[in-house]
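What the coordinates show
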Amino acid sequence: MIGKPTLTRRILTTDLPALGIVLLALGPFLWMLMTSFTPQERLAAVGVAISPVSWSLENYLRLISRTSFLGNMGHSLLVAAGTTVLGLFVSVTAAYAFSRFRFAGRRVLMMQFLLVNMFPVVLLILPLFVMMRRLGLLDTHAALIIANATVAIPFSVWMLTSYINAIPKSLDEAAMTDGCSRLQALRRVILPLAMPGIISTGIYIFITAWNEYLYALTLGGRNVRTVTVAVQTLIGEYQIEWGLLSAGGVVGALPATILFLIAQRRLIGGLTQGAVKG
Amino acid sequence: MSLTAALSDHAAPTRAWRKRLLPYGLLTPAVLVTVVIVFLPMIEAVVTSLYEFVLFRPNAARFVGLGNYIKLVQDPVFWITLKHTAIWIGLTVPLQMGLGLIAALILNRQFPWRGLARALVIIPWALPSVVIALMWRWIYDANTGVLNEILLRLSIIQSAIPWLADPDKALYAVVVTLTWQGFPFFAVMILAGLQGIPRSRYEAASIDGASAWRQFRHVTLPGIAGVLATAGLLRIIWVANSIDVIFVMTGGGPGYATQTLPLYAFVKARQNLDFGYGTTIAVMFTLLLGVVVAIYIARTSREVER
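Residues numbered from 1 in each chain as written. Chains lettered and ligands numbered in written order. Predicted model: local features only at pLDDT ≥ 70, side-chain atom pairs only at ≥ 80, totals over all residues.

Let us look at the overall build of chain A. The helix and strand inventory of chain A stands at twelve helices and zero strands. The linear arrangement of helices and strands in chain A, starting from the amino end, is α-α-α-α-α-α-α-α-α-α-α-α. For chain A, the spread of C-alpha atoms along the three principal axes comes to 75 × 70 × 30 Å. (Helix = DSSP H or I, 4+ residues; strand = E, 2+ residues; numbered from the N terminus.)

A count of helical and extended segments in chain B gives 14 helices and two strands. Taking 2.2 N^0.38 as the reference for a compact globule, 306 residues should give roughly 19 Å; the C-alpha atoms of chain B span a radius of gyration of 26 Å, well beyond that estimate. C-alpha atoms of chain B, sized along the principal axes, occupy 90 × 75 × 30 Å. Looking at chain B as a whole, 41% of its 306 residues qualify as buried. For chain B, the share of sequence-separated contacts (at least 6 apart) that also reach a separation of at least 24 residues comes to 67%. (Rg over C-alpha atoms; globule rule 2.2 N^0.38 Å. Buried ≥ 20, exposed ≤ 12 C-beta atoms within 10 Å, placed from the backbone. Contact = placed C-beta atoms within 7 Å.)

Once that is clear, we can look at the interface of chain B and chain A. Chain B puts 81 residues into the contact, and the matching count from chain A is 74 residues. Per-element accounting of the side of chain B that touches chain A gives the leading share, 16 residues, to helix 2 (residues 12–48) of chain B. A per-class count over the side of chain B that touches chain A returns 59 nonpolar, 16 polar and six charged. (Nonpolar A, V, L, I, M, F, W, Y, C, P; charged D, E, K, R; others polar.)

This part covers the confidence of the model for chain B. Interpreting fine coordinate detail is not advised for predicted regions of low pLDDT. Residue and element names in this part refer to chain B. Looking at chain B, pLDDT values average 84 and 94% of them are 70 or higher. Per-element confidence in chain B is highest for helix 4 (residues 76–107), whose mean pLDDT is 91, and lowest for helix 1 (residues 2–10), whose mean pLDDT is 48. Low confidence marks residues 1–8, where pLDDT is under 50. Its contacts with residues over four positions away, or in another chain, come to three contacts. (pLDDT = per-residue confidence, 0-100.)

Turning our eyes to something else, we now look at the domain arrangement of chain B. Here chain B is described as being made up of domain 1 (2–48) and domain 2 (71–304). For domain 1 of chain B and domain 2 of chain B, the distance between their C-alpha centroids amounts to 39 Å. (Domains from an automatic or database assignment.)

All right, on to the domain arrangement of chain A then. Residues and elements named next belong to chain A. Segmenting chain A into domains produces domain 1 (7–56) and domain 2 (62–277). Between domain 1 and domain 2, the C-alpha centre-to-centre distance is 32 Å. At the level of elements, helix 1 (7–37) and helix 2 (40–45) are the ones that each hand at least two residues to the side of domain 1 that touches domain 2. Top element by residues in the side of domain 1 that touches domain 2 is helix 1. It accounts for four residues. When its residues are assigned to classes, the side of domain 1 that touches domain 2 shows three nonpolar, four polar and no charged.

Here it is in structure tokens:
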């Protein structure tokens, strides 16, 4: 930090350690990527191909032609998109209320949402299963959307509250002086301004719902099988086909990872804000 | 301005009521949905734990009071899994925090590709747990896994080790995986905390002749203490709750070697369909975790009242 370090010194003390950390974080995933590009016979005979010369898309072609993986992606998409819509829809007005009003019970209600977020999945999963069975919802998209909403709603209420807090109150007041009602001020002034926050909250919900496994395993079934459950079924009966499995893992992880990379700057801003203040 | 005030004065009583009820109205959908999908199931869980209830024999459900809880404390597996849960949290969270701190300190330095490095380091966070679990099973594989291959080449070990099949090593192998999965979260949180420390404090410290280590001890650590505490509490809750990675990696085995308390509840209900007892374990686990949750809520609660 003091003076101007020379280039070599910088490379030794900063770039190399940073590279080490990046490799540590990415290594296992890169290994899976290389495995997925290695043809099955080569994998069995020699092992993972490190040089791109012997790579092929064989595993991916088999994944698409011989398994129902694309259909599973469709189910995951429906569930994740449904959870995002439901989560955002009920959370926006709640977040606005928490941000703009001071009313009796505000703290208790806010804490209620925080508490809900901490409930162990394992506590909820059994009664939810019994409930869905009673309602005949097992193995439907609705069951998974509802189950995922148990995580998505409290989370987005908190995220959106902090985003709306960042919008000056004077804007609502100005809109109401101009004759808007509260709800009109929310819809015409606050919603457009909060849109970046709403979008990143939505992306976060989408990623968590896409990656969710235990609810999908327990409440899904033959008709609704999401990617996370399907990946596991790629494990063969007698022998694990690591090439195929890796291809499934890569494809299954791709949508969430890409979304995350696109939105990461804003997402991390929103996620860390609360913790840094606390 | 005065015109609106006069108008609202006119219809004062109803207006005032509507104004006071508005926030509750805005909150109703979210609260209603959470009550139905979280609180009702939770109450049902507590009730179920008082019954002997096996899923495929719903008519044979029998009220046993605290019978399941008595059975639980006499169940040797309960104590084994409780011990594993303690080891599991006690190792994973500090390891994640330590590695996260190191990563954050490195990524907080100045170098040209810092933005790229930061984006790449958080990728494990975005990967599905199932994919992570399968990926590490492949790495740990006894015959063809890359970990054994590297260690054999470096002559650190003499023969391949079945990491996940060895009861003495399996739990630690899973801890390593979870550490890898969770350290980016700490790195990101700590980075945000580091950026909140004013530069002037470092300058003042270096004028006073403080060494790099002393600067770290007396400027950096106090500056990120709040973040470490919050992130640590959040992670304890998260790690304790996360059963998907272990479930896919080992299913709790070999034997009970990697069984944690929540996983035991899940497996009991899933495989034996013993919902009464499974729920009892889950409720017990929730009560134990409740202590940590209470601390976290109390911390955040102070923050909200503004």
